[in-house]
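# Fold and contact review
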Amino acid sequence: AVTMIPGVTSYNDSEVTDTDYQLLNSAKNSIEREIILFEIDSSVLDKDRDMDSVVNNIRNLISSADTLNKYTIVHIIGHSDSSGFERHNMLLSQDRANSVFNYFIANGIPQQYLVSVGVGSNQPVTQETSEDKLRLNRSVTFTVELRGK
């Protein structure tokens, strides 16, 4: 049953949808560009690291996805550099992902939108070997999954 509004013969919501898709893609891209760095052999979040923008982008992503009737999952991917034993690196990378996961939950992101996984040194952020670049492998990165509800 369509409710008619006197004087309105048609309505085009494509601009609203385009804006919603732009907001969704903007939040997705912002999240996927984030890299949270860790010290050597540590899974403790740096207290000086501003995480508010990441949390806000995840909130915006969830809201935009919901508006577009899409379900979203943010994959929190823990990494480690290749020094040391791989078993230790796998555990360390999972601990790093869990630290970020727990931070997001403590800051109001519902758990059903988050997945944390550690990949050890198997999926390096960079292949570079300089210390400056190797630091990128001691990190957490993100991928965003979107699908219809």
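As shown above, the structure is provided for reference.
Here is a short report on the structure shown in this document. (Residues numbered from 1 in each chain as written. Predicted model: local features only at pLDDT ≥ 70, side-chain atom pairs only at ≥ 80, totals over all residues. Heavy atoms only, no water.)

### Here we look at the sheet that holds strand 1 (residues 36-37)
Put simply, the rule reads: Pairs of strands are assigned from DSSP output, requiring at least two bridges between the strands. For the purposes of this entry, the term helix denotes a DSSP run of H or I that reaches at least four residues, the term strand denotes a run of E that reaches at least two, and both are numbered from the N terminus. Any two residues having at least one pair of non-hydrogen atoms within 4.5 Å are treated as being in contact. Fitted lines through C-alpha atoms serve as axes, helices being fitted only where they are in contact, and the angles separating the N-to-C directions of these axes extend from 0 to 180 degrees.
What the four strands build is an open sheet, ordered 1-4-2-3; its pairing is mixed. The sheet is open, and its two borders are formed by strand 1 and strand 3 (114-118), each paired with just one other strand. Where strand 2 (residues 70-78) and strand 4 (residues 139-148) come together, nine bridges link them in antiparallel fashion. Each bridged residue has a counterpart across the sheet, and for Ile76 the counterpart in strand 4 is Phe142. Of the strands in this sheet, strand 2 and strand 4 are in contact with helix 2 (residues 52-67), which crosses strand 2 at around 150 degrees.

### A few points about the pairing of strand 2
Two strands pair when backbone bridges link them, and strand 2 and strand 3 are joined in this way by five bridges, in the parallel orientation. The residue of strand 3 that forms the bridge with Ile77 is Val117.

### Digging into the side chain of Arg96
So the rule is basically this: Partly exposed residues are those whose accessible area sits between 20% and 50% of the maximum for their type, while under 20% is buried and over 50% is exposed, using a 1.4 Å probe and protein chains only. Only four residue types enter the charge count: Lys and Arg as positive, Asp and Glu as negative, with His and the chain ends excluded. Salt bridges are defined by distance alone: a side-chain nitrogen of Lys or Arg within 4 Å of a carboxyl oxygen of Asp or Glu. As used in this structure description, the phrase polar contact means that two N or O atoms lie within 3.5 Å; if the pair is within protein, one of them must be able to donate a hydrogen and the other to accept it, and residues adjacent in sequence are counted only when both atoms belong to side chains.
For Arg96, the position within the fold is in helix 3 (residues 86-106). Of the side chains bearing the opposite charge, Asp41 lies closest to the buried Arg96, which forms no salt bridge; the N-O distance is 6.1 Å. Reaching out from Arg96, the side chain makes a polar contact with the backbone oxygen of His79 at a distance of 2.8 Å. In this structure Arg96 touches Phe38, Glu39, Ile40, Asp41, Ser42, Ser43, His79, Ser80, Asn137, Arg138, Ser139 and Val140, once residues within four positions along its chain are discounted.

### Thoughts on the pattern of salt bridges
Tallied over the full model, the rule gives five salt bridges. Among the salt bridges present, the one from Arg135 reaches Glu39, with a minimum N-O distance of 3.4 Å. Pair noted here: Arg135 is in the loop between helix 4 (131-134) and strand 4 and Glu39 is in the loop between strand 1 and helix 2, with a separation of 96 residues, a long-range link. When its relative accessible area of 31% is taken as the criterion, Arg135 is described as partly exposed.

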